[in-house]
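Examining the three-dimensional arrangement
Residues per chain, in single letters:
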Amino acid sequence: MSVRRRLGAVVLAMFAIVFRRLPGLIRLLDPLTRRVLATRLPAGPNVLLTVRGRRSGLPRTVPVAFLELEERCLLQAASDRVAWVGNLRASGAADHGHA
């Protein structure tokens, strides 16, 4: 495993620990994270994920932690009750833009 992937895995694990303990922090940081990701500045394993809403059908974009491990892609959610998780499960497809 490359150094970049190892670092990504460490950052993802840190996000998992922090956000599992402080889920309200995600709502506060989402607007800032969206702006940083839109500027194409390095932001670790974070990407903007676009998923169609399961009721409205409109595209919804949210910042998520994304890690590619060989043939698998992992997305970090604070819990399974976040709207984008339900939308992704319903649609089965999403687009992501690497930061």
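Description of the structure in this document. Treat the numbers as computed from the prediction; the structure is a model and nothing was measured.

Cut-off values and rules
Residues numbered from 1 in each chain as written. Predicted model: local features only at pLDDT ≥ 70, side-chain atom pairs only at ≥ 80, totals over all residues. Heavy atoms only, no water. Helix = DSSP H or I, 4+ residues; strand = E, 2+ residues; numbered from the N terminus. Patch = residues over 30% accessible without salt bridge, like charges linked within 9 Å, V, L, I, M, F, W, Y side chains within 5 Å. Areas by Shrake-Rupley, 256 points an atom, 1.4 Å probe, with all protein chains shown as cover. Salt bridge = Lys/Arg side-chain N within 4 Å of Asp/Glu carboxyl O. Buried < 20%, exposed > 50% of the residue type's maximum accessible area, 1.4 Å probe, protein only. Polar contact = N/O pair within 3.5 Å; in protein donor to acceptor, adjacent residues only side chain to side chain. Contact = heavy atoms within 4.5 Å. Pairing = 2+ DSSP bridges.

We now examine the environment of A90. For A90, the position within the fold is in helix α3 (residues 83–91). C-alpha separation for the pair A90 and R54, spaced 36 residues apart in sequence, amounts to 6.1 Å.

Attention shifts here to a nonpolar patch on the surface. Nonpolar side chains collect at one region of the surface, where L28, L29 and L32 lie side by side and expose about 300 Å² of accessible area between them. What makes L28 exposed here is its relative accessible area of 67%.

Moving on, we come to the side chain of N87. Here N87 lies in helix α3. A relative accessible area of 8% places N87 in the buried class. At a separation of 2.7 Å, a polar atom in the side chain of N87 contacts the side chain of R54. Leave out the neighbours within four places in its chain, and N87 touches V51, R52, G53, R54 and R60.

Of the pairings in the sheet, the one linking strand β2 (residues 59–69) to strand β3 (residues 72–76) comprises five bridges and is antiparallel in character. In the strand pairing of β3, L69 is matched with R72. Here β2 hands over to β3 after two residues, with E70 in that stretch at a positive phi of 55 degrees.

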